[in-house]
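Close look at the chain arrangement
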Amino acid sequence: MAQRKGSASPYCFFVRDQLPELQRRGLPVTRVGDAVPYCSQAWALLTKEEKMVYTEKARKWNEKRSQKTVKETCNLAHPVPACPTTKMPSVTSLPDASAMSWKSDQAVVAEIFYFLNIYSHGKLPSHCEQRFLPCEIGCVRYSLQNGIMADFHHFIDPEVPPRGFRYHCQAASDATHKIPVSGFNLSRTCYAVVLRELLEFVQPASSVRPHFYCRSNDRFRINWCLNRMASITGIESHLEILAVEDLVIELYRKKYQKEPSKTWVCRELDVFMWDFSSNTRCKWHEENDILCCALASCKKIAYCISKSLANVYGVSLTAAHLPLQDSDYGESRNTKMVILDAGRFQKMKAESSGCDRHSASPSQDQELVPSNCDSPCGVKTSLYGTSIMRGRGITQLLKSASDLSKSFNN
């Protein structure tokens, strides 16, 4: 049904309630119409019962306004009757370039960013009061100039899962970070200590607000967990969580006056190059060889930004920018494509050993291609001339399998 001209929708009342919070965060909103783009995601996450509160408010207000004409539906000219509001996770977007106020490349290089992630024992349905059960938090302090300067990590003492959802929570944990819901052998930290130490870790300057970033897919969960811990402990955190994808786009735009595609940025952040790097995961996940770690996810964001942007801004890579075994790399390399370089590797290996056909054994002569063929020297082919190029990983796997079978036969 179309909205009658002069009437207010429930969504307008929801936006009206969110307006003070958006203004507190420094967003350029002065009226309800300006705040509409920032509230659509939070509105979609409301339950039917929560939306009914705003539907009832709109109905009562429209009854009083039925004899008057309102030119702008969402720009309410009269005060709206006050009613209890439901505290929802904040929905924010990255400020534009003018809001970032980077006057030079040196300002960009010296800027301090915080990468934050909070893991949960799964995600519960919307009708549950506990949408998430925070169980691990990780955060790193980072700048392009100094790399990772400090890190923060805690296992969180979770709340009791709602009745009937304990198996759901444990199954979700087993599929990702593998932190048990109960019976964990390491000490856990309560909400109050986590928030207090996180705020001490940030140590914001008196006039500078810290910039927290996370992956866009994780932002709702992290915001919800922070709001949940703040509401239970009574500690006001006022932490603003932004999307790291937008940060990378903004850094490229600052340097090149044009922005890369978001698909490319997401692909750069999704690399698996540092999954097993030393000093990346927390001690427990490292000892148990578990990839999903809140601290590791934050450090890998810092590694990706260092790899992609350090050279752009003229910063030399150090052990604080990348793990030790990766800090000597030059250009970025897609680890998924390394095995496709096997032909060049075999050719270089053959050239370094002399690649002398006449000194080869008869059995090798059957496998090596003559020098007048089109195939590169050193590439093994079948008797019919078909090239069989094997990657190093496959060759080593077949060799180890052959050695293992011989040991069993002996």
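In what follows, the structure referred to is the one given above.
A brief structural summary.

Reading guide: rules and limits
- Residues numbered from 1 in each chain as written.
- Predicted model: local features only at pLDDT ≥ 70, side-chain atom pairs only at ≥ 80, totals over all residues.
- Heavy atoms only, no water.
- Helix = DSSP H or I, 4+ residues; strand = E, 2+ residues; numbered from the N terminus.
- Buried < 20%, exposed > 50% of the residue type's maximum accessible area, 1.4 Å probe, protein only.
- Contact = heavy atoms within 4.5 Å.
- Areas by Shrake-Rupley, 256 points an atom, 1.4 Å probe, with all protein chains shown as cover.
- Polar contact = N/O pair within 3.5 Å; in protein donor to acceptor, adjacent residues only side chain to side chain.
- Pairing = 2+ DSSP bridges.
- Axes fitted to C-alpha atoms, helices over the stretch in contact; angles between N-to-C directions.
- Parallel < 35°, antiparallel > 145°, perpendicular 65-115°, else oblique.
- Left-handed = near helix turned anticlockwise from the far one by under 90°.
- Nonpolar A, V, L, I, M, F, W, Y, C, P; charged D, E, K, R; others polar.
- Core = buried A, V, L, I, M, F, W, Y, C linked by side-chain atoms within 4.5 Å.
- Phe/Tyr/Trp six-rings, centres within 6.5 Å; stacked < 30°, edge-to-face > 60°.

1. Quick look at the overall build of the protein chain
Secondary structure assignment for the protein chain yields 15 helices and five strands. Across the 410 residues that make up the protein chain, the buried fraction comes to 42%. A separation threshold of at least 6 residues defines the contact pool for the protein chain, and within that pool the share at least 24 residues apart is 69%. Taken as a whole, the protein chain presents about 23,400 Å² of accessible surface, with 52% of it coming from carbon and sulfur.

2. Considerations on the side chain of H321
Along the polypeptide, H321 turns up in the loop between α12 (294-309) and α13 (342-352). Only 2.8 Å separates the side chain of H321 from the backbone oxygen of L144, close enough to count as a polar contact. In terms of polar contacts, H321 uses its side chain to reach the side chain of T318, at 2.9 Å. Those residues in contact with H321 that sit more than four places away from it in its chain are Y142, S143, L144, Q145, N146, G147, A302, Y303, S306, V315 and S316.

3. Observations regarding the sheet that holds strand β2 (residues 132-143)
With respect to topology, five strands assemble into an open sheet ordered β3-β2-β1-β4-β5, the strand pairing being mixed. Strands at the two margins of the open sheet, each flanked by one partner only, are β3 (147-155) and β5 (241-243). Pairs of neighbouring strands in the sheet enclose a mean axial angle of 30°, with direction left out of account. Of the strands in this sheet, β1 (113-123) and β2 touch helix α6 (residues 166-174), which is tilted by about 130° from β1.

4. Focus on the packing of helix α9 (residues 244-256) against α12
Between α9 and α12, the shortest axis-to-axis distance is 12 Å and the interhelical angle comes to 15°. In terms of axis orientation, α9 runs roughly parallel to α12. Read as a crossing pair, α9 and α12 show a hand that is right-handed. Of α12, the residues touching α9 (which contributes V244, L247, V248, L251 and Y252) are I301, I305, S308 and L309. A per-class count over the contact of α9 with α12 returns eight nonpolar, one polar and no charged.

5. Notes on the packing of helix α1 (residues 10-24) against helix α3 (residues 48-64)
One way to put it is that α1 packs onto α3 with a least axis distance of 8 Å and a crossing angle of 110°. Classified by the interaxial angle, the pair formed by α1 and α3 is roughly perpendicular. Contacts between α1 and α3 pair P10, F13, F14 and D17 from the former with Y54, T55, K57, A58 and W61 from the latter.

6. Examining the nonpolar core
Grouped together as the largest cluster of nonpolar side chains are 45 residues, with contacts concentrated most on F115, L247, I305 and Y313. Put simply, the parts of the chain that give this core at least two residues each are α5 (105-110), β1, β2, β3, α9, α10 (262-269) and α12. Ranked by residue count, the leading element in this core is α12, at ten residues. Core analysis: the next-biggest nonpolar cluster, separate from the first, contains 25 residues, Y191, V194, F201 and V202 among them.

7. Details of unusual backbone geometry
The general pattern is negative phi for most residues beyond glycine and trans for most peptide bonds. Positive phi is not limited to glycine here, since N279 has a value of about 60°. When you line up the elements, N279 lands in the loop between α10 and α11 (283-287). With phi around 55°, D289 is a residue other than glycine that occupies positive phi space. Of note, D289 is situated in the loop between α11 and α12.

8. So, the environment of R166
Tracing the backbone through its elements, the reader meets R166 in helix α6. Overall, R166 belongs to the partly exposed group, its relative accessible area being 42%. Sequence spacing of R166 and H121 is 45 residues, and the spatial spacing of their C-alpha atoms is 9.3 Å. If we skip the residues at most four places from it in the chain, R166 touches P161, V181 and S182.

9. Overview of the packing of aromatic side chains
Scanning all chains against the criterion turns up 19 aromatic pairs. Ring centres of F14 and Y54 lie 5.5 Å apart, and the angle between their planes is 85°; this geometry places the pair in the edge-to-face category. Here Y54 lies in helix α3 and F14 lies in helix α1, a separation of 40 residues in the sequence. Here F14 and Y54 have matching classes, each one buried. Their ring planes at 25° and their centres at 5.3 Å tell us that Y114 and F212 sit as a pair that is stacked. Of this pair, Y114 sits in strand β1 while F212 sits in strand β4 (residues 212-214), placing them 98 residues apart in sequence.

Purely geometric numbers; function is a separate question.
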